[in-house]
Amino acid sequence: HQLLRRTVRDVMEGEVAPLVDEHERERRFPTDTVRRLGEMGWMGIPIPEDWGGAGMDTLAYAIAIEEIGRVWGSLGLIVAAHTSLGCGPILLAGTDDQKREFLVPMAGGKVIGGYGLTEPGAGSDAGGTRTTARRADDGSGDWVINGGKRFITNAGQAGTYIVAARTGSTDDGQARISAFIVPAASAGFSVGRLEEKLGLHASATGELRFDGVRVPAGNLLGEEGEGFKTFLRILDGGRISIGALALGLAQAALDAAIPYVKARHQFGKPIGSFQAVAFRIADMATEIEAARALVYRAAWLRDQGRDFGLAASQGKLF
């Protein structure tokens, strides 16, 4: 874990940091950098080696996202969404054939993954999903998807999307949600507007449109109607990586604040010598260490095969 931290930090500070400002200013997706991360095995850190990943644990993954986010929040988000939300569902619910076809190139960084869950009226409340999938009328067993998704990370950059869609209703009227693997090259699939955000400009966030998108029967991920359970489990794991990303950003803020309060002088003294400023720095450092303990604990619990959902939510919240 310490070796991984040093390696990621060295690459991020030495190779990647000089690229950040230009990409953020131009709202340009860091295609070359993402490809480089894939070559180093960082696009599938917690994915088993048999399926193209690095075969490391969740704690290693959290540390890597923390160190990436410490230098570039957008890149950390790209990697986190790709790994947790793009690769994760296929690893969790995919067949061996699906893993060979889709997960191996994603875990190796050759294809970026995206996660089509959020809609104007549905996000963590996946039961509110309005995008539909129905069997094709020709008896082929194919599925036809119609609808749209909003605020999707890696929109327009991903080659494979995991998409939630309604495939019917239960006896009590609840939505039956299923998960589908949708290649970006599918006919009828398109990317709508990209969001104008306050930050993370190099990370593409946008709208997905499905206009009669036809996918083979073999692209149903897991059992029909079981997608809701899959997505809830994926969101639990995703909270660890987003907690780690926030942790890295917070650490970067502290790393910038300490030299500043030493260098800036008022009334003949560095401002860090004033209690009001020193107390703020002390609070920052303490809260970051507390956040790190919460996030790492959630990762450790997951690696132990124990219930980590509450811990992951607490880490992300804090």
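Our subject is the structure listed above.
Residues numbered from 1 in each chain as written. Predicted model: local features only at pLDDT ≥ 70, side-chain atom pairs only at ≥ 80, totals over all residues. Heavy atoms only, no water.

### Notes on the overall build of the chain
- Counting its secondary structure elements, the chain contains nine helices and ten strands.
- Since a compact globule built from 318 residues should have a radius of gyration of about 20 Å, the 21 Å found for the chain is in line with a globular shape.
- Each of the 318 residues in the chain was classed as buried or not, and the buried ones make up 49%.
- Nonlocal contacts in the chain, meaning residues at least 24 apart in sequence, comprise 70% of its contacts between residues at least 6 apart.
- Carbon together with sulfur atoms contributes 52% to the accessible area of the chain, which is approximately 15,000 Å² in total.
- Positive and negative side-chain charges in the chain, numbering 35 and 38 respectively, have mean positions lying 5 Å apart. (Helix = DSSP H or I, 4+ residues; strand = E, 2+ residues; numbered from the N terminus. Rg over C-alpha atoms; globule rule 2.2 N^0.38 Å. Buried < 20%, exposed > 50% of the residue type's maximum accessible area, 1.4 Å probe, protein only. Contact = heavy atoms within 4.5 Å. Areas by Shrake-Rupley, 256 points an atom, 1.4 Å probe, with all protein chains shown as cover. Lys, Arg positive; Asp, Glu negative; His and termini not counted. Charge placed at Lys NZ, Arg CZ, Asp CG, Glu CD.)

### Comments concerning the nonpolar core
- Core analysis: the biggest nonpolar cluster contains 65 residues, and Leu75, Ile145, Phe180, Val182 and Phe210 have the highest contact counts within it.
- Sequence-distant contacts of Leu75, that is, excluding residues within four places in its chain, are made with Met12, Val16, Pro30, Thr33, Val34, Leu37 and Ile68.
- Judged by nonpolar contacts, the second largest core, of 22 residues, contains Ala81, Ile90, Ala179 and Ile181. (Core = buried A, V, L, I, M, F, W, Y, C linked by side-chain atoms within 4.5 Å.)

### Description of the packing of aromatic side chains
- Following the criterion strictly, the structure yields four aromatic pairs and no others.
- Consider the rings of Tyr115 and Phe231, whose centres lie 5.3 Å apart with planes at 65 degrees: the pair is edge-to-face. Note that Tyr115 is positioned in strand S1 (residues 113-116) and Phe231 in helix H7 (residues 227-263), a separation of 116 residues in sequence. Judged on exposure class, the residue Tyr115 and its partner Phe231 are both buried.
- Seen in terms of ring centroids, Phe189 and Phe210 are 5.5 Å apart; in terms of plane orientation they differ by 50 degrees. Their pairing is tilted. Here Phe189 is found in strand S6 (residues 189-194), whereas its partner Phe210 is found in strand S7 (residues 205-215), with 21 residues between them in sequence.
- Under the relative-accessibility criterion, Phe189 is labelled buried at 13%.
- We classify Phe210 as buried; its relative accessible area is 3%.
- Among the aromatic residues, ring-to-ring pairing joins Tyr161, Phe189 and Phe210 into one connected group. (Phe/Tyr/Trp six-rings, centres within 6.5 Å; stacked < 30°, edge-to-face > 60°.)

### A closer look at the pairing of strand S4 (residues 160-169)
- The buried fraction of S4 amounts to eight of the ten residues, a majority that puts the element mostly inside the structure.
- As judged from the eight bridges shared by S4 and strand S5 (residues 175-183), these two strands associate in the antiparallel manner. Bridge pairing links Tyr161 to Val182 in S5. (Pairing = 2+ DSSP bridges.)

### Looking at helix H6 (residues 96-107)
- Here H6 is twelve residues long, yet its end C-alpha atoms lie only 14 Å apart, well below the 16 Å a rise of 1.5 Å per residue gives.
- The elements touched by buried residues of H6 are helix H5 (73-93), S1, S4, S5 and strand S8 (220-221).
- Looking one or two places after H6, you find Gly109, whose phi comes out positive at around 80 degrees. (Expected span 1.5 Å × (residues − 1).)

### Quick look at the side chain of Lys149
- Position of Lys149 among the secondary structure elements: in strand S3 (residues 143-153).
- For Lys149, a relative accessible area of 0% translates into the label buried.
- Residues contacting Lys149, with those up to four places away along its chain left out, are Gly116, Leu117, Thr118, Glu119, Thr129, Thr131, Val163, Ala164, Gly206, Glu207, Leu208 and Phe210.

It is worth stressing that arrangement in space is one thing and function is another; only the former is reported here.
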